[in-house]
Amino acid sequence: IPVMADYFQAHVWAAILSHAMSSLTMVLFYITPRGRFTVAACIMFVGSFFNGGYGPLVDSAVFQICAKHKTRTNFGQIRLWGCVSWGICVYAVSFLMEILNSVDVMWLAYSVLAPCASFFSYL
């Protein structure tokens, strides 16, 4: 996906498409009937294909932001706070899963937070 984004000079659209397709496969994975390993494996393969290109595209966008605002941004700090926020969200969702005794909390959190992450990444 990053190669196609470079070829067409459409990094933002490629990242949004990659994230949307990855999220769609996560929804399909959630509604897949239990015991259907082959179907689940195919869905995970497609999801991994789309999710694999998302990280390099986001890093590229962060590099461009850092280049545009040389005095105000630092790539290391952006990555640090991204990792910290990811860790906080993982802890909060796992805490809610433990309290509510339900795995559905994880899917609900993903369906709410993934579009927010996509939206705020490309402002």
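**Quick notes on the overall build of the chain**
Argument step 1. Within the chain one finds six helices and zero strands.
Argument step 2. Starting at the N terminus and walking to the C terminus, you meet the elements of the chain as α-α-α-α-α-α.
Argument step 3. Counting only C-alpha atoms, the chain reaches 50 × 35 × 20 Å along its principal axes.
Argument step 4. A total of 123 residues make up the chain; the buried ones form 21% of that total.
Argument step 5. Taking contacts inside the chain between residues at least 6 apart in sequence as the whole, the part at least 24 apart equals 56%.
Argument step 6. For the chain, the exposed area adds up to about 9,100 Å²; of that, 73% sits on carbon and sulfur atoms.
Argument step 7. Of the charged side chains in the chain, 6 are positive and 4 negative, and the gap between their average positions amounts to 10 Å.

**Quick word on the environment of Val58**
Argument step 1. Residue position: Val58 is located in helix H4 (residues 54-68).
Argument step 2. When the C-alpha positions of Val58 and Ala117 are compared, they lie 11 Å apart, and in sequence the two are 59 residues distant.

**Describing the packing of aromatic side chains**
Argument step 1. Evaluation of the coordinates by the stated rule reveals one aromatic pair.
Argument step 2. Pairing Tyr91 with Phe95 gives two aromatic rings, centres 6.2 Å apart and planes at 20°, and the pair type is stacked. Taken together, the residues Tyr91 and Phe95, both in helix H5 (residues 75-100) and four residues apart, mark about one turn of the helix.
Argument step 3. Relative accessible area serves as the criterion here: at 44%, Phe95 is assigned to the partly exposed category.

**A closer look at unusual backbone geometry**
Argument step 1. A positive phi angle, near 55°, is found at Asn101, a position not held by glycine.
Argument step 2. Topologically, Asn101 is positioned in the loop between H5 and helix H6 (104-121).
Argument step 3. Residue Asn101 is classed as exposed on the basis of its relative accessible area, which comes to 70%.

**Side note on the packing of H4 against H5**
Argument step 1. Running from amino to carboxyl end, H4 crosses H5 at an angle of 135°, the nearest separation of the two axes being 10 Å. On the basis of the axis angle, H4 is oblique to H5. The crossing of H4 and H5 is right-handed. Contact residues: H4 offers Asp59, Val62, Phe63 and Cys66, while H5 offers Phe75, Ile78 and Arg79.
Argument step 2. The class makeup of the residues in the contact of H4 with H5 is five nonpolar, no polar and two charged.

**Describing the environment of His19**
Argument step 1. If you trace the backbone, His19 turns up in helix H2 (residues 11-31).
Argument step 2. The exposure class assigned to His19 is buried, which follows from its relative accessible area of 9%.
Argument step 3. Sequence spacing of His19 and Trp86 is 67 residues, and the spatial spacing of their C-alpha atoms is 16 Å.

**A word on H2**
Residues that lie three or four places apart on an α-helix share one face, since the helix turns once every 3.6 residues.
Argument step 1. Here H2 is 21 residues long and its end C-alpha atoms lie 30 Å apart, about the 30 Å a rise of 1.5 Å per residue gives.
Argument step 2. Every buried residue of H2 is listed here: His11, Ala14, Ala15, Ser18, His19, Ser22, Ser23 and Thr25. The buried residues of H2 occupy an angular sector of 160° when the element is viewed end-on, so they sit on one face. Residues of H2 that are exposed and point over 90 degrees away from its buried face: Trp13 and Ile31.

What counts, and at which threshold
Residues numbered from 1 in each chain as written. Predicted model: local features only at pLDDT ≥ 70, side-chain atom pairs only at ≥ 80, totals over all residues. Heavy atoms only, no water. Helix = DSSP H or I, 4+ residues; strand = E, 2+ residues; numbered from the N terminus. Buried < 20%, exposed > 50% of the residue type's maximum accessible area, 1.4 Å probe, protein only. Contact = heavy atoms within 4.5 Å. Areas by Shrake-Rupley, 256 points an atom, 1.4 Å probe, with all protein chains shown as cover. Lys, Arg positive; Asp, Glu negative; His and termini not counted. Charge placed at Lys NZ, Arg CZ, Asp CG, Glu CD. Phe/Tyr/Trp six-rings, centres within 6.5 Å; stacked < 30°, edge-to-face > 60°. Axes fitted to C-alpha atoms, helices over the stretch in contact; angles between N-to-C directions. Parallel < 35°, antiparallel > 145°, perpendicular 65-115°, else oblique. Left-handed = near helix turned anticlockwise from the far one by under 90°. Nonpolar A, V, L, I, M, F, W, Y, C, P; charged D, E, K, R; others polar. Expected span 1.5 Å × (residues − 1). Arc of directions from axis to C-beta.

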